Protein chains: 2
Amino acid sequence: MSTAKKILIADDEPDILEIIQFNLQQEGYEVITAKSGDDAIEQAKRHLPDLIILDVMMPGKNGIEVCNILRNMPSFKKTLIVFLTAMSDEGTQIQGLETGADDYLNKPIRPKVLVSKINSLFRRFEKEDNGIITLGEIAIDREKYLVRHHGKDITLARKEFELLALLASRPGKVFLRNEILNQIWGTEVIVGDRTIDVHIRKIRQKLNLDCITTVKGVGYKFEL
Amino acid sequence: MSTAKKILIADDEPDILEIIQFNLQQEGYEVITAKSGDDAIEQAKRHLPDLIILDVMMPGKNGIEVCNILRNMPSFKKTLIVFLTAMSDEGTQIQGLETGADDYLNKPIRPKVLVSKINSLFRRFEKEDNGIITLGEIAIDREKYLVRHHGKDITLARKEFELLALLASRPGKVFLRNEILNQIWGTEVIVGDRTIDVHIRKIRQKLNLDCITTVKGVGYKFEL
DNA sequence: TGCCTGCTTAACAATTTGATAATATTATAA
DNA sequence: TTATAATATTATCAAATTGTTAAGCAGGCA
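Given the structure is predicted, the values throughout are model-derived calculations rather than measurements.

Definitions and cut-offs
- Residues numbered from 1 in each chain as written.
- Chains lettered and ligands numbered in written order.
- Predicted model: local features only at pLDDT ≥ 70, side-chain atom pairs only at ≥ 80, totals over all residues.
- Near = placed C-beta within 6 Å.
- Helix = DSSP H or I, 4+ residues; strand = E, 2+ residues; numbered from the N terminus.
- Nonpolar A, V, L, I, M, F, W, Y, C, P; charged D, E, K, R; others polar.
- Pairing = 2+ DSSP bridges.
- Axes fitted to C-alpha atoms, helices over the stretch in contact; angles between N-to-C directions.
- Core = buried A, V, L, I, M, F, W, Y, C linked by C-beta atoms within 7 Å.
- Buried ≥ 20, exposed ≤ 12 C-beta atoms within 10 Å, placed from the backbone.
- Arc of directions from axis to C-beta.

Q: What's the story with the protein's contact with DNA strand D in this structure? I'm lost.
A: The immediate surroundings of DNA strand D are formed by 18 residues, with Asp197(A), Arg201(A), Thr214(A), Asp197(B) and Thr214(B) found nearest. Those elements that place two or more of their residues in the surface near DNA strand D are α8 (195–207) of chain A together with α8 (195–207) of chain B. With 5 residues, the top contributor of residues to the surface near DNA strand D is α8(A). For the surface near DNA strand D, the residue count by class is 4 nonpolar, 4 polar and 10 charged.

Q: Can you walk me through the sheet that holds strand β9 (residues 152–154) of chain A in this structure?
A: The pairing of strands in a sheet happens through backbone hydrogen bonds and is either parallel or antiparallel. All names here are of chain A. Spatially, the 4 strands line up as an open sheet ordered β6-β7-β8-β9, and their pairing is antiparallel. With one partner strand each, in any of the chains shown, β6 (132–135) and β9 form the two edges of the open sheet. Neighbour to neighbour, the strand axes of the sheet diverge by 20° on average, direction disregarded. Where strand β7 (residues 138–141) meets strand β8 (residues 146–149), 4 bridges bridge the pair, whose relative direction is antiparallel. Looking across to β8, one finds that Ala139 is bridged to Arg148.

Q: Explain the nonpolar core here, please?
A: Side chains of a nonpolar character, in soluble globular proteins, are inclined to be buried together. Among the nonpolar cores identified, the biggest contains 36 residues, and Leu164(A), Leu167(A), Ala168(A), Ile140(B), Leu164(B), Leu167(B) and Ala168(B) are the most heavily contacted of them. In terms of residue count, helix α6 (residues 158–169) of chain B provides more of this core than any other element does, 6 residues in total. The next biggest cluster of nonpolar side chains, apart from the first, holds 32 residues, and it includes Ile41(B), Val56(B), Phe76(B) and Ile81(B).

Q: For this particular structure, what's the right way to read helix α3 (residues 63–71) of chain A?
A: Two residues of an α-helix separated by three or four positions point the same way, owing to the 3.6 residues in each turn. Listed as buried for α3(A) are Gly63(A), Ile64(A), Val66(A), Cys67(A) and Leu70(A). Relative to the axis of α3(A), the buried residues are bounded by an arc of 160° and lie together on one face.

Q: Teacher, can you tell me more about the pairing of strand β4 (residues 80–86) of chain A here?
A: All names here are of chain A. For β4, the buried fraction is high: 6 of the 7 residues fall into the buried class. Bridging between β4 and strand β5 (residues 103–107) involves 5 bridges; their strand directions are parallel. By the bridge assignment, Val82 is partnered in β5 with Asp103.

Q: Which parts of the structure should I look at to understand the protein's contact with DNA strand C?
A: Close to DNA strand C lie 23 residues, the nearest being Ala157(A), Gly192(A), Ala157(B), Arg158(B) and Gly192(B). Those elements that place two or more of their residues in the surface near DNA strand C are α6 (158–169) and α8 of chain A together with α6 and α8 of chain B. Residues belonging to the surface near DNA strand C are distributed by class as follows: 8 nonpolar, 5 polar and 10 charged.

Here it is in structure tokens:
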């Protein structure tokens, strides 16, 4: 059961489509493409992507029009929308943001920039909503220090909570044991090998749910 | 609804100013803009806005300085102040909370998030209209320094009252011990480790009600 | 001054947490 | 299949954190 984020790209230039698609797939995203504005709306409705990249200049409906249409549908109120624009036109930027776009990408596209911008948008998005991460029946509220599962509040100890929050911050991503140690214990502190396991166990026990998967020889990942 | 709420926005980037202005005006707010820290202070004095959005990074006086200056003027003791920060620097967040900001907005700005955050800030403070916070059977009157529980008036000492009022201002939110120290004692004063505990105990005792929860290793939160 | 009140602190008790050791279990490659 | 490495489980203990109580101290006030 993969939790990879879905990204829809709409552009009429096949080359650009391919470049973006390739780079995002490398990052582990699931990519859907569309060749026109109407196609984009079609695909969006079908796949309900997490993020949509819209070229502003497209035959038929342009990106801004597509954005307007989508934003008026309840399913896409919270979807991240990013515009692709030529460097030149400044005016469009503002117009686009007014329409409810979340960010811009300028042509020509630099793959590294593209990828890091997309990644950071997702990161921000996850933190938002008042710091609540919601995944299926589980909600992790950083501010209230609370994990809710099926409407029931579950109290985790500090380390347990931090560990769960870390894993849940990127569902599907495998966290290496070292990575976990650095993030939660810091580089100074050194703890034994079995420490992580024990915390993982406690989380599993308290949540009473198999949402943390062991990847033997590598680490752990969170997924529903 | 008598008159529209006034919001002052200070940022040196015209684009951002315009985006925010547009979105807030759409929501029916009256918007004033300022292009620098000094300008912000100027406009604030003239228009006495209900809420001020300050970019942290500005030429001349930065947002934190402006906040400090305003907070020291009686007219702006109760004004809502929100910082705009680049998502990178976490350190500034903490510094900002110490200065007396009411919330944060992260760049890049997502208009929907901006608007809903502003709305919810106003909602939160309308609840404490007349300076009274009401939560279930508990009413906290900021002006009279009075707490009423089940119709009975309870007298809390100043520090106890401030502590309760702080926690109750955001039910459910966990306040870190440091956060509490900064909000109630300020950054200058340093008090011992057990001071907070003792006050918490007295509140619990006087209210005779389990509404303050300890989150070990983290802080305290208020909930019914 | 002497009393009261509120705030802080010290000292100790109570509690919770997190790390580890010891052991069992599982997955994987030979 | 078996040997082996990696992880799961469990119990235990030290350390960290908080709760409680009482005492000290400063300021306000009659």
